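# Structure at a glance
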Amino acid sequence: MLKDITLGQFFPGSTLLHRLDPRTKLLAVVLYIVALFNATSVLTYGILMVVLGTCICVSKVPAKALTRGLRPVVVIVAFTAVINLFFTGGEPIADVFLLRHISAKGLVTAISMMLRIVMLIMGTFLVTYTTSPISLTDGLENLLSPLKKVRFPVHEMAMMMSIALRFIPTLIEETDKIMSAQKARGADFETGSLIQRANALVPILVPLFISAFRRADELATAMECRCYNGGEGRTALHVLRYRPVDLAVLGGFAVLAAGMVALRLAGL
Amino acid sequence: MEPMIRVENLTHTYSAGTPFERNAVEGMNLTVMPGEFLGIIGHTGSGKSTLIQHLNGLLKPTSGHVYLEGRDIWENPKEIRQVRFQVGLVFQYPEYQLFEETVYKDIAFGPGNMGLEQEEIDRRVRQAAELVGLPEETLDKSPFDLSGGQKRRVAIAGVLAMEPKVLVLDEPTAGLDPQGRRQILGLIQEYHRRRNATVVLVSHSMEEIAQNAHRIAVLKNARNFMEGTPREVFARAAELEQAGLDVPQITRVAMALRRRGLPVDTAVYTVEELKDALLRLRGGAAHA
């Protein structure tokens, strides 16, 4: 039923990757992306694959989950590969049928593009798989806090994000209940034309909206009762602290990114 | 006599095949006779809500069967909607399902889904509104302008208007004040009497069940725990208390008296009965 939908991709665990500070993971993934976009040779891709593979092994996230995450982008990956394969200029491989449109350079570009996208997605997914949505929001708030200087409401945005995430399961449960109740009165969601089915959603959406507004109202009152007034001078329950291991990981990724840039400049 | 509903060896497993797998109902049996007022009682998590969602085919048994008038309701899965019209289920906090512009339209939702004639729908809506004690003029109001208790009546009327053979109510008095509670129970009792209807009332309040039901089924940890008339069940009040279940106040008084050495019958659950039991005791003592 509806409960089986996985929202947020978090896999609870206590591996090294899970215990890293969320800011470390966010920054590391940025550095990883920089490195990835500077990789041009077999050597550099090889290094990155080893890094990614090590991270996956350490995280203990099942390989099945990672490949499932790739499913929605298969089309894009395939499309990119095909385009690169046929539309990169250069000497054709051979003078027979389709092969005359394909150059060795095109082949290399297609493969490296495919690898790049797949590795990009796997890397970013690994972060969401090993970081709970709440700590991800905390990390984001902390990293973006310099923006407060230009009056960007960082805390408010982060609060809205956490509340939205917190309410997703609640609303799913609510939807389930309302659906059952309307089915008990003979509502039919499975058959009929498109218009009939759209109409059948009204008995679910109206109560759902009302309940969402009611909950929002109650939450707002509860927050006001506890004198909540935004981020000014507010301290956190779970204070984010960099540990030596965070610095080591960050340092490692910084070296990786710098190394990749250097290798590219050196033409390797 | 053939039972109205018979549940046979019912098991329901949630999230089968995942680490969160658990049996909400395990090997449960239940019969509901025509015209009977059955009370189902149990703790939160005892499986009562899961059980009743099987009675009208909202949930499909993982194993076991549910028979309505002798026929397995899952014999033809395509006809399951017909079962839902015959076994009317009122959910907990039913007022949260109201969605129409007017009370009239909301009550008419069920009968409308049955594909009835406009005239028949009109008759049923008015009759259901009368049964739950909604004044004529509320029918044109928006259900969202009504008080909490009245909203709940509208929701119950929405199920009654389908004229189900069995009415199943899940905690119909939850969240109401004592007066609202009495009124809702009163109208269920009235409906039962006037129509000689089959009613299944789910509750966690022994008091409520004791005062209304002919027969009580007690559930515990997803299984049948006890079953019988209120007298039979409350005669085992000590076991109920051990199982962490509530016992009616009067039964508790009788039990306390017994603990202090008065050999009073503890299978009582109304003030009248306890009075009679005590008088009998005095009479007996006088003779000795």
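Residues numbered from 1 in each chain as written. Chains lettered and ligands numbered in written order. Predicted model: local features only at pLDDT ≥ 70, side-chain atom pairs only at ≥ 80, totals over all residues. Heavy atoms only, no water.

## A closer look at the interface of chain B and chain A
Rules: Here, residues are in contact when the closest pair of their heavy atoms is within 4.5 Å. In short, buried area is how much 1.4 Å probe accessible area vanishes from two parts on joining, totalled over both. Only one rule defines a salt bridge in this text: a Lys or Arg side-chain nitrogen within 4 Å of an Asp or Glu carboxyl oxygen. Two N or O atoms count as a polar contact when they lie within 3.5 Å, although within protein this holds only if one can serve as hydrogen donor and the other as acceptor, and sequence-adjacent residues are included solely when both atoms are side-chain atoms. Each helix is a run of H or I in the DSSP string that is no shorter than four residues. Each strand is a run of E no shorter than two, and both are numbered from the N terminus. Amino acids outside the nonpolar list (Ala, Val, Leu, Ile, Met, Phe, Trp, Tyr, Cys, Pro) and the charged list (Asp, Glu, Lys, Arg) are all regarded as polar, and Gly is one of them.
In this complex, chain B contributes 20 residues to the contact, which on the side of chain A involves 15 residues. Surface buried jointly by chain B and chain A totals about 1600 Å² across both partners, of which 61% is contributed by carbon and sulfur atoms. Area buried by chain B at its contact with chain A is led by Tyr 96, Gln 97 and Phe 99 of chain B, which between them contribute 34% of it. Taken together, chain B and chain A are joined by two salt bridges. Note that Arg 185 of chain A and Asp 106 of chain B form a salt bridge whose closest N and O atoms lie 3.1 Å from each other. Here chain B and chain A share four residue pairs in polar contact (both at pLDDT 80 or more) between them. For the side of chain B that touches chain A, the elements supplying multiple residues, two or more each, are α2 (80-86), α4 (109-113) and α6 (148-160) of chain B. A class-by-class count of the residues in the side of chain B that touches chain A yields eleven nonpolar, six polar and three charged.

## Thoughts on the environment of Arg 116 of chain A
All names here are of chain A. Take Arg 116: it is sitting in helix α6 (residues 104-130). Each C-alpha atom of the pair Arg 116 and Glu 141 lies 29 Å from the other, and the pair is 25 residues apart in sequence. Discounting chain neighbours no more than four positions away, the residues touching Arg 116 are Leu 36, Phe 37, Ala 39 and Tyr 45. A polar contact of 3.1 Å, which involves the side chain of Arg 116, links it to the backbone oxygen of Ala 39. Within polar-contact distance, the side chain of Arg 116 engages the side chain of Tyr 45 at 3.3 Å.

## A short note on the domain arrangement of chain A
Residue and element names in this part refer to chain A. Rules: Domain limits in this description derive from either an automatic procedure or a database domain assignment.
Once the domains are mapped, chain A shows domain 1 (1-131 + 238-268) and domain 2 (133-234). Here the C-alpha centre of domain 2 lies 32 Å away from the C-alpha centre of domain 1. Every contact between the two is made by 13 residues of domain 1 and, on the other side, 14 residues of domain 2. In this assembly, domain 1 packs against domain 2 so that about 1300 Å² is buried in total across both faces, 79% of it on carbon and sulfur atoms. Looking at the side of domain 1 that touches domain 2, the elements that each hand over two or more residues are α2 (22-38) and α6. Of the residues forming the side of domain 1 that touches domain 2, the biggest block, four residues, is contributed by α2. Within the side of domain 1 that touches domain 2, the residues separate by chemical class into nine nonpolar, two polar and two charged.

## Things to note about the packing of aromatic side chains
One pair of aromatic rings is described through two measures. These are the centre distance and the angle between the planes. Selection rule: Only Phe, Tyr and Trp rings take part, Trp by its six-membered ring, and two of them pair if their centres are within 6.5 Å. Stacked means planes under 30 degrees apart, edge-to-face means over 60, and tilted covers everything else. The classification of residues rests on relative accessible area computed with a 1.4 Å probe and restricted to protein chains. Under 20% of the type maximum is buried, over 50% is exposed, and intermediate values are partly exposed. Sitting over a ring, as applied to charges here, requires NZ of Lys or CZ of Arg to be within 6 Å of the ring centre and within 35 degrees of the ring normal.
A complete count under the given rule lists five aromatic pairs over all chains for this structure. Plain terms: the ring middles of Phe 99 of chain B and Phe 109 of chain B are 5.0 Å apart, the flat faces sit at 85 degrees to each other, and that makes the pair edge-to-face. Here Phe 109 of chain B lies in helix α4 and Phe 99 of chain B lies in the loop between β6 (87-90) and α3 (103-107), a separation of ten residues in the sequence. The pair formed by Phe 99 of chain B and Phe 109 of chain B is uniform in burial state, with each residue classed as buried. Above the plane of the ring of Tyr 242 of chain A lies Arg 23 of chain A, whose end atom (NZ or CZ) is 4.1 Å from the centre.

## Quick notes on helix α4 (residues 63-70) of chain A
Residue and element names in this part refer to chain A. Rules: Here the arc refers to the directions that run from the helix axis out to each C-beta atom.
Along α4, the positions that sit buried rather than exposed are Ala 65, Leu 66, Gly 69 and Leu 70. Buried residues of α4, seen end-on, are gathered within an arc of 145 degrees and therefore sit on one face of the element. Within α4, the exposed residues directed more than 90 degrees away from the buried face are Ala 63 and Lys 64. Lining the buried residues of α4 we find α3 (42-59), α5 (74-87) and α6.

## Here we look at the sheet that holds strand β5 (residues 71-72) of chain B
In any sheet, the strands associate via hydrogen bonds between backbone groups, in a parallel or an antiparallel arrangement. Residues and elements named next belong to chain B. Keep this limit in mind: Strands pair, by our definition, only if DSSP identifies at least two bridges between them.
Within the open sheet, the four strands sit side by side as β2-β1-β4-β5. Their pairing is antiparallel. Looking at strand neighbours, the two that pair on one side only are β2 (22-32) and β5, the edges of this open sheet. Bridge count between strand β1 (residues 5-14) and β2: seven bridges; the pairing is antiparallel. Bridge pairing links His 12 to Val 25 in β2.

## Details of the domain arrangement of chain B
With domains assigned, chain B is organised as domain 1 (5-230) and domain 2 (248-288). Summarising the inter-unit geometry, the C-alpha centres of domain 1 of chain B and domain 2 of chain B are found 36 Å apart.

## Overview of the side chain of Asp 246 of chain A
Residues and elements named next belong to chain A. Applicable threshold: In this tally, Lys and Arg are treated as positive and Asp and Glu as negative; His is ignored, and so are the chain termini.
Here Asp 246 is to be found in helix α11 (residues 244-265). Buried charge without a salt bridge: Asp 246, with Arg 243 as the nearest opposite-charge side chain at an N-O distance of 4.0 Å. At a separation of 2.9 Å, a polar atom in the side chain of Asp 246 contacts the side chain of Thr 24. Setting aside residues no more than four positions away along its own chain, Asp 246 makes contact with Leu 20, Asp 21, Thr 24 and Arg 241.

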